Amino acid sequence: MVAIIGRPNVGKSSLFNRILSRRHAIVSEVSGTTRDRLIASASWNGRQFLLIDTGGLEDDPDGHIPQRVQQQADMAMGAADVIIFLTDAVQGLTATDQAVAQRLRRTDKPVMLAVNKVDNENRELAAAEFFQLGISETSFISAYHNYGVYDLLERMVDLLPTRELVEQWDDDYPDGVDGRTNVGKSLLTNAILGEERSIVSPEAGTTRDALDTPITYRDHTITLVDTAGIRRPGQVQRGIEKYSVLRAVNAVHRSDITLLITDATELATAQDAHIAGLAWDTNRGLIVVVNKWDLVNPNRFRTERSLHRVHQRLHFMPYVPVSFTSALTGEGINELLDTALSLWMERQRRVPFRDLQYLLADAVSTHAPPSRRGNLRNRLRVRRVRQVGVNPPTFVFSVNDPKLLHFSYERYLENQIRERFGFHRTHLRLVFRAEREERTARPGVRARTRAR
């Protein structure tokens, strides 16, 4: 592990993104943009390592969130094998820099001093004052202009431990934690992990970046992605909040299962339905998590009413599973993870081709496709069906003319598949292709047709 530390607004997130070669952390001129620890896998010259971006260190943090930011930075330094101490050549050597350097002298871990924003000769001459900190590994860099970063990485790799990484930063499937602001996403993430991974505060919009954290549950590796709250488009402010929402939406796109966190005291709002629509549009698995369940005096009748309210609001996803949790007390956490594993297994299920043909024959004989205006020539004819993918389960139907398909009959076929093969909680993707298009899409069919 390699931790990047320093006082606020010295370019830690810029260096973090430069090493990763992508925009992973939010970069802003506003001091204190980064709050939680950002962890990502990186490599240089064949050596893999985990890179940690941290919030800015301060001498006397004032307020709950700044104090939590310092704790997050302390945890990063405690877990790191190499520490990159980043400073700012423009602002020069400050009392905070000297205090941080004094603290780093008490550690036995390798420390590298990187003086950032050195992009011309004048700044390079002015940056010479940082040598008085007494750190032997000192480099002049510019993260924005990619100056001196490669030399920094070369020297950093030499300081890494010789042992290889035992656990790779790979995952079986990522789990995105999304929802409105201030519904308890970060607190629930911490409850699942059993540690303070994310800063928790009553203030809305505390979380800004998308925080990836791997866990192992019942011999399965899961990556939890804690995200910022998604507000209505008209209420999203420019700048930091806009980029936070973009990263939250991107977390939905790259996840396999999305946990939609809702507040038990404000159940199933219109914004909850909008966020669920993001998962529905991208064919992601969805679990509605009713958090703060301990605040509403739960009982059997309240549970039934809550389930009815959620399914009524998410009427376009009647199959969505619902879990009731309390991140404060830990109630329902194991049941939530069991539901996520069960949903993942369901999304990986494959149905044999023969069983699908039997299903299609039974479905068509029980309820034939309707004809248009009573004309039998305009009736839909379904020839065959096959499964072509998982996550989500995808089924391709060969028909005479997809334009003759009515949405009610598509829903009927989907329900038949769900009932016969046990797809009770996942999204199914049904594709209807003309028979000629289906033959062209299948490899080798055209060659056999020409041979005949």
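To be clear, the structure that these remarks concern was listed above.
Residues numbered from 1 in each chain as written. Predicted model: local features only at pLDDT ≥ 70, side-chain atom pairs only at ≥ 80, totals over all residues. Heavy atoms only, no water.

> Please clarify how the side chain of Ser13 should be interpreted in this entry.
Within the secondary structure, Ser13 is located in helix H1 (residues 12-20). Other than its neighbours up to four places away in sequence, Ser13 contacts Ala25, Ile26, Val27, Thr34 and Asp53. (Helix = DSSP H or I, 4+ residues; strand = E, 2+ residues; numbered from the N terminus. Contact = heavy atoms within 4.5 Å.)

> Could you clarify how one ought to interpret the sheet that holds strand S14 (residues 394-399) in this entry?
Two strands in a sheet stick together by hydrogen bonds in their backbones, pointing the same way (parallel) or opposite ways (antiparallel). On the basis of which strands lie adjacent, the open sheet formed by 3 strands has the order S13-S14-S15 and mixed pairing. Sheet topology places strand S13 (382-389) and strand S15 (429-434) at the edges, where each strand pairs with a single neighbour. For this sheet, the mean angle separating the axes of adjacent strands, direction not counted, is 25°. Pairing analysis gives 6 bridges linking S13 to S14, with the strands arranged antiparallel. The residue bridging Arg386 from the neighbouring strand is Val396, located in S14. Against the sheet, helix H12 (residues 407-421) contacts S14 and S15, and its axis sits at roughly 125° relative to S15. (Pairing = 2+ DSSP bridges. Axes fitted to C-alpha atoms, helices over the stretch in contact; angles between N-to-C directions.)

> I'm lost on the pattern of salt bridges in this one. Help?
Charged atoms that come close allow side chains of opposite charge to pair. For the coordinates displayed, the defined rule picks out 10 salt bridges. Here Arg300 and Glu304 are joined by a salt bridge, their closest N and O atoms 3.5 Å apart. With Arg300 and Glu304 both in helix H9 (residues 300-313), this residue pair falls 4 residues apart, about one helical turn. Arg300 sits in the exposed class, given a relative accessible area of 54%. (Salt bridge = Lys/Arg side-chain N within 4 Å of Asp/Glu carboxyl O. Buried < 20%, exposed > 50% of the residue type's maximum accessible area, 1.4 Å probe, protein only.)

> Looking at this structure, how should I read the packing of aromatic side chains?
To describe a pair of aromatic rings, you give the distance between the ring centres and the angle between the ring planes. Taken as a whole and assessed by the stated rule, the structure comprises 7 aromatic pairs. Centre to centre, the rings of Phe397 and Phe432 are 4.8 Å apart; their planes meet at 15°, and the pair counts as stacked. Taken together, the residues span a long stretch of sequence, with Phe397 in strand S14 and Phe432 in strand S15 at a distance of 35 residues. For the pair formed by Phe397 and Phe432, the shared burial category is buried. With a centroid separation of 5.4 Å and an interplanar angle of 40°, the aromatic rings of Tyr409 and Tyr412 are classed as tilted. One end of the pair, Tyr409, and the other, Tyr412, are both in helix H12, 3 residues apart, so they sit about a helical turn from each other. Taking the ring centre of Phe301 as reference, the NZ or CZ of Arg300 above it sits at 4.5 Å. (Phe/Tyr/Trp six-rings, centres within 6.5 Å; stacked < 30°, edge-to-face > 60°. Lys NZ or Arg CZ within 6 Å of the ring centre and 35° of its normal.)

> How do you make sense of the sheet that holds strand S1 (residues 2-5) when you look at a structure like this?
Spatially, the 6 strands line up as an open sheet ordered S2-S3-S1-S4-S5-S6, and their pairing is mixed. If you trace the sheet from one side to the other, it starts and ends with strand S2 (38-44) and strand S6 (138-140), each paired once. Geometrically, the sheet is characterised by an average inter-axis angle of 25° between neighbouring strands, direction not taken into account. Relative to strand S3 (residues 47-53), S2 is paired through 7 bridges, and the arrangement is antiparallel. Bridging from a neighbouring strand, Trp44 pairs with Arg47 of S3. Against the sheet, H1 makes contact with S1, S2, S3 and strand S4 (82-88), and its axis sits at roughly 155° relative to S3, the strand it touches most. Strand contacts of helix H3 (residues 95-104): S1, S4 and strand S5 (111-116), with the helix running at about 165° to S4, the strand carrying the most contacts.

> I keep staring at the packing of helix H11 (residues 353-366) against H12 and nothing clicks. Help me out?
To characterise two packed helices, one gives the angle between the axes of the helices and the distance between these axes. Relative to each other, H11 and H12 sit at 130°, their axes nearing to 11 Å. Considering their axes alone, H11 and H12 lie oblique with respect to each other. The crossing of H11 and H12 is right-handed. Between H11 and H12, the residues in contact are Asp355, Leu356, Tyr358, Leu359, Asp362, Ala363, Val364 and Thr366 and Tyr409, Tyr412, Leu413, Gln416, Ile417, Arg420 and Phe421, respectively. A breakdown of the residues in the contact of H11 with H12 according to their chemical character gives 10 nonpolar, 2 polar and 3 charged. (Parallel < 35°, antiparallel > 145°, perpendicular 65-115°, else oblique. Left-handed = near helix turned anticlockwise from the far one by under 90°. Nonpolar A, V, L, I, M, F, W, Y, C, P; charged D, E, K, R; others polar.)

> For this particular structure, what's the right way to read the packing of H1 against helix H5 (residues 149-159)?
Where H1 meets H5, the axes come as close as 11 Å, and the angle between the chain directions of the two elements is 80°. Comparing the axis directions of H1 and H5 gives the class roughly perpendicular. Two secondary-structure elements touch here, H1 through Leu15, Arg18 and Ile19 and H5 through Val149, Leu152 and Leu153. Grouping the amino acids of the contact of H1 with H5 by side-chain chemistry returns 5 nonpolar, no polar and 1 charged.

> What should I look at first to understand the side chain of Thr87 in this one?
In this structure, Thr87 sits in strand S4. When neighbours within four sequence positions are excluded, Thr87 is seen to be in contact with Val10, Asp97, Leu113, Ala114, Val115, Asn116 and Phe130.

> Any chance you could explain the pairing of S5 here in plain terms?
Successive side chains on a regular strand alternate, one facing one side of the sheet and the next facing the other. Counting buried positions over the 6 residues of S5 gives 6, a clear majority of the element. By the alternation rule, side chains of S5 split into Val111, Leu113 and Val115 and Met112, Ala114 and Asn116, which are all buried. Considered for its hand, the β-α-β crossover made up of S4, H3 and S5 is right-handed. Considered for its hand, the β-α-β crossover made up of S5, helix H4 (residues 121-126) and S6 is right-handed. (Right-handed = clockwise from strand over helix to strand, strands pointing away.)

> Looking at this structure, I do not really get helix H10 (residues 333-347). What am I missing?
Each full turn of the α-helix corresponds to 3.6 residues, which orients residues three or four apart in the same direction. Its 15 residues place the ends of H10 21 Å apart at the C-alpha level, agreeing with the 21 Å of an ideal helix rising 1.5 Å per residue. Turning to H10, its buried residues number three or more, namely Ile333, Leu336, Leu337, Thr339, Ala340, Leu341, Leu343, Trp344, Glu346 and Arg347. (Expected span 1.5 Å × (residues − 1).)

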